[in-house]
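Architecture at a glance
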Amino acid sequence: MSLRAEAPAATARLHRFTPAERWIHRTTALLMGICVATAACLYIPQLAILVGRRELVVRIHECAGVALPVPVLVGLASRAFRRDLGFLNRFGPHDKLWLAAVLSRDKRPSSRPAGKFNAGQKIYANWIAGATLVMLATGLLMWFTHLAPLMWRTSATFVHDWLALTIGVVLAGHIGMALGDPEARRGLRTGTVSREWAKREHRLWRP
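Residues numbered from 1 in each chain as written. Predicted model: local features only at pLDDT ≥ 70, side-chain atom pairs only at ≥ 80, totals over all residues. Heavy atoms only, no water.

Examining the overall build of the protein
Threshold: Secondary structure elements are defined from DSSP: runs of H or I of at least 4 residues count as helices, runs of E of at least 2 residues count as strands, and each element is numbered from the N terminus. Each residue is placed in one exposure class: buried if its accessible area under a 1.4 Å probe, protein chains only, is under 20% of its type's maximum, exposed if it is over 50%, and partly exposed if it falls in between. Any two residues having at least one pair of non-hydrogen atoms within 4.5 Å are treated as being in contact.
In terms of regular secondary structure, the protein is built from 11 helices and 2 strands. Ordered by position from the N terminus, the helices and strands of the protein form the series α-β-α-α-α-α-α-α-α-α-α-β-α. Taking all 207 residues of the protein together, 30% fall into the buried category. Taking the intrachain contacts of the protein between residues at least 6 apart in sequence as the baseline, contacts between residues at least 24 apart amount to 69%.

Right under this line is the structure:
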């Protein structure tokens, strides 16, 4: 009787993300995807010819870019989301060990200690947040040409274009990492993860 009672608890899944956090991630991913797709249509000649209607593509790109920070700003009303932002912005000694193991290509889970988020996820989250703000600022200078002199607009265009290319590369890496970890994707899709995965990949996490 005791074994039967304990079995469900042992196999129960752990709550990792709330519905609000999953909505923030999906909405942000959708807006980012629109920005990347429309940017590709604007800068790759073959796609530009295939899609056509450049003015419409530009407007969609601008609207998606301006709306990109909105899910995060709305999500600040969620206590769980604010708590996770605190985890993402806080680096500890174990994060240095995680990065050292990655650099040395040590793939043993025991050599990569992590809390709810590992060091790679923290670096990505902070980098993409900063890059998004820079893209928003430079995009506004390009959109509203009366806001700044020509030199500023020219510099903004240079930064916007090259940072967009960098974001595309980083996003491709992010998606590749996600495709290689089905349980992490399930956590973002359903909000729960297995105890075995949490113990192996995030052993310092205390749900």
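Observations regarding the nonpolar core
Which entries qualify depends on this criterion: We call a set of buried residues a nonpolar core when its members are Ala, Val, Leu, Ile, Met, Phe, Trp, Tyr or Cys and they connect through side-chain atoms within 4.5 Å of each other.
Leu31, Met32, Cys35, Ala64, Leu68, Ile128, Ala131, Met135, Leu163, Ile167 and Leu171 together form the largest nonpolar core, which totals 11 residues. Broken down by secondary-structure element, the contributors of at least two residues to this core are helix 2 (19-43), helix 8 (119-143) and helix 9 (150-179). Discounting residues that sit within four places of it in the chain, Leu68 has contacts with Thr28, Leu31, Met32 and Thr132.

With respect to the packing of aromatic side chains
Put simply, the test is: Any pair of Phe, Tyr and Trp rings, taking the six-membered ring for Trp, is counted once the centres come within 6.5 Å. Such a pair is stacked with planes under 30 degrees apart, edge-to-face with planes over 60 apart, and tilted for the rest.
All chains considered together, the criterion is met by 3 aromatic pairs. Ring geometry for Phe158 against Trp162: centres 6.5 Å apart, planes inclined by 50 degrees, an arrangement best described as tilted. With Phe158 and Trp162 both in helix 9 and 4 residues apart, the pair spans about one turn of that helix. Classification of Phe158 as exposed rests on a relative accessible area of 56%.

Points about the packing of helix 2 against helix 10 (residues 182-190)
Using the following cut-off: Angular values range over 0 to 180 degrees, each being the angle between N-to-C directions of two axes fitted as lines to C-alpha atoms, with helices fitted over their stretch in contact. Geometric relationships in this document are graded by angle, where less than 35 degrees denotes roughly parallel, more than 145 denotes roughly antiparallel, 65 to 115 denotes roughly perpendicular, and other angles denote oblique. All amino acids are sorted into three groups, where Ala, Val, Leu, Ile, Met, Phe, Trp, Tyr, Cys and Pro are nonpolar, Asp, Glu, Lys and Arg are charged, and the leftover types, Gly among them, are polar.
One can describe the packing of helix 2 onto helix 10 by two numbers: an axis separation of 8 Å at closest approach and a directional angle of 110 degrees. Accordingly, the angle class assigned to the pair helix 2 and helix 10 is roughly perpendicular. The segment helix 2 lies against helix 10, with Arg22, His25 and Arg26 engaging Gly187, Leu188, Arg189 and Thr190. Within the contact of helix 2 with helix 10, the residues separate by chemical class into 1 nonpolar, 3 polar and 3 charged.

Description of the packing of helix 2 against helix 4 (residues 54-67)
Our working definition: Less than a right angle of anticlockwise turn of the near helix away from the far helix marks a crossing as left-handed, whereas a clockwise turn marks it as right-handed.
Across the interface, helix 2 lies against helix 4 with an axial gap of 9 Å and an inter-helix angle of 150 degrees. Considering their axes alone, helix 2 and helix 4 lie roughly antiparallel with respect to each other. Remark: the crossing between helix 2 and helix 4 carries left-handed chirality. The segment helix 2 lies against helix 4, with Leu31, Ile34, Cys35, Thr38, Ala39, Cys41 and Leu42 engaging Arg54, Val57, Val58, Ile60, His61, Ala64, Gly65 and Ala67. A per-class count over the contact of helix 2 with helix 4 returns 11 nonpolar, 3 polar and 1 charged.

Some thoughts on the side chain of Thr138
For Thr138, the location among the structural elements is in helix 8. Of the residues examined, Thr138 reaches a relative accessible area of 9% and is grouped as buried. For Thr138, the residues in contact, after removing those within four places along its chain, are Ala156, Val159 and His160.

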